[in-house]
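Secondary and tertiary structure notes
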Amino acid sequence: MHLPWAITRSCNTFFSKSYLNIINNYPTPEAGLNAWNKHLKNFGLGTYLHTDLPVGSKGFIPDGNFYNRYYGKGKWYASFTISNGIGQGEVSTTPIQLANITAAIANKGYYITPHVIKQIDHSTNGIKPIYLNPKSTQIDAHFFPPIIKGMADVYKTGTAKYSQLPDMELCGKTGTSENKTRIDGKIVKLPDHSIFIAFGPRENPRIAVAVFVENGGYGATIAAPIASLMIDKYLTHHISRPDLYRRIINIDLSKIYQKKYPQKKDSL
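Presented here is a report on the structure given in the accompanying data block. (Residues numbered from 1 in each chain as written. Predicted model: local features only at pLDDT ≥ 70, side-chain atom pairs only at ≥ 80, totals over all residues. Heavy atoms only, no water.)

**Topic: the pairing of strand β4 (residues 186–200)**
Quick note on the threshold: Pairing between two strands is assigned when DSSP locates at least 2 bridges connecting them. Each helix is a run of H or I in the DSSP string that is no shorter than four residues. Each strand is a run of E no shorter than two, and both are numbered from the N terminus.
By the bridge criterion, twelve bridges tie strand β3 (residues 171–183) to β4 in an arrangement that is antiparallel. By the bridge assignment, Lys180 is partnered in β4 with Lys189. Hairpin connection from β3 to β4: two residues lie between these consecutive antiparallel strands, with Asp184 at a positive phi of about 55°. Sheet topology places β4 next to strand β5 (residues 207–213); seven bridges connect them, and they run antiparallel. When the bridges of β5 are listed, Phe199 appears paired with Ala208.

Okay, here's the thing in structure tokens:
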């Protein structure tokens, strides 16, 4: 199966083609997009998660109607939207949603709505059921092992191999978010954002995290080491990779953040 390999190597071509196959498997691109949209929303994307935090964003997962308004009904094809296949294009998510997806993968098909309050006076009485009851993604559990294998191999031989921890099998996926804007009618490339999702350990997982470092570059460069260190500290209560810790705390992005860009006149 090519899926584990594609996850391990972060192969954009594989995911782009898989996305096109999904959309084109339906009678029309509109029907395919709507089915794809439904699956992603079952994982908590494109909608409010209804956490017990006071603020949040629902992000955005496009459907057929979105592209009908943009291009005109019947005037667009799956290839027009191919960037969605690698999580870019019109797709917009939040860090808590990414962490929630990671938990759903670790659980092989379900998640519990993220929440801060677990107990009140040592009891779950008064806690809303949404924070206690599992929510199904509507995807059968037997589809998840290949994904988990690929994410485990990300640490063993893939894009996060330099962030693996000793004596602990973790699962993760790197992400690099292209960052562009339009200034005076021209598209300007800005430093990429570094993204990484992970859970651990592989068997009987106890923690899922999502790390987003603005203008941090490749996902493997900054976000992956941070995720590993967070998981390490949570599970073992100490840092088993002091070399990794020293490298991360000595990274300085201030020059990037302080750089002056021309005033943006319209957004991309």
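**Things to note about the pattern of salt bridges**
Worth spelling out the cut-off: Any carboxyl oxygen of Asp or Glu that lies within 4 Å of a side-chain nitrogen of Lys or Arg is treated as forming a salt bridge with it. Type-normalised accessible area, obtained with a 1.4 Å probe on protein chains alone, sets the label of each residue: buried when under 20%, exposed when over 50%, and partly exposed for intermediate values.
As enumerated under the stated definition, the model contains seven salt bridges in all. In this structure, Asp192 engages Lys189 in a salt bridge whose closest nitrogen and oxygen atoms are separated by 2.6 Å. On the accessibility criterion, Asp192 (18% relative accessible area) is buried. Several salt bridges share partner residues, and in doing so they unite Lys156, Glu169 and Arg202 into one network.

**Topic: the packing of helix α3 (residues 29–42) against helix α4 (residues 64–71)**
When two helices pack together, their arrangement is given by the angle between the helix axes and by the axis-to-axis distance. Threshold: Each axis is a line fitted through C-alpha atoms, taken for helices only over the stretch in contact, and angles between the N-to-C directions span 0 to 180 degrees. Every angle not falling under 35 degrees, over 145, or within 65 to 115 is termed oblique; those three ranges are roughly parallel, roughly antiparallel and roughly perpendicular. Residue contacts are counted whenever heavy atoms from the two residues lie within 4.5 Å of one another. Asp, Glu, Lys and Arg are counted as charged, while Ala, Val, Leu, Ile, Met, Phe, Trp, Tyr, Cys and Pro are counted as nonpolar; the rest, among them Gly, fall into the polar class.
Contact geometry for α3 and α4: axes closest at 8 Å, N-to-C directions at 140°. Here α3 lies oblique to α4, going by the angle between them. On α4, the residues that touch Glu30, Leu33 and Asn34 of α3 are Gly64, Asn65, Tyr67 and Asn68. In terms of residue class, the contact of α3 with α4 is built from two nonpolar, four polar and one charged.

**Points about helix α2 (residues 12–24)**
In an α-helix, one full turn covers 3.6 residues, which means residues spaced three or four apart are oriented alike. Spelled out, the test is: Multiplying 1.5 Å by the residue count of a helix minus one yields the expected span of that helix.
Over its 13 residues, α2 runs 18 Å from end to end, which matches the ideal 18 Å to within 8%, given 1.5 Å per residue. Those residues of α2 that are buried lie in contact with α3.

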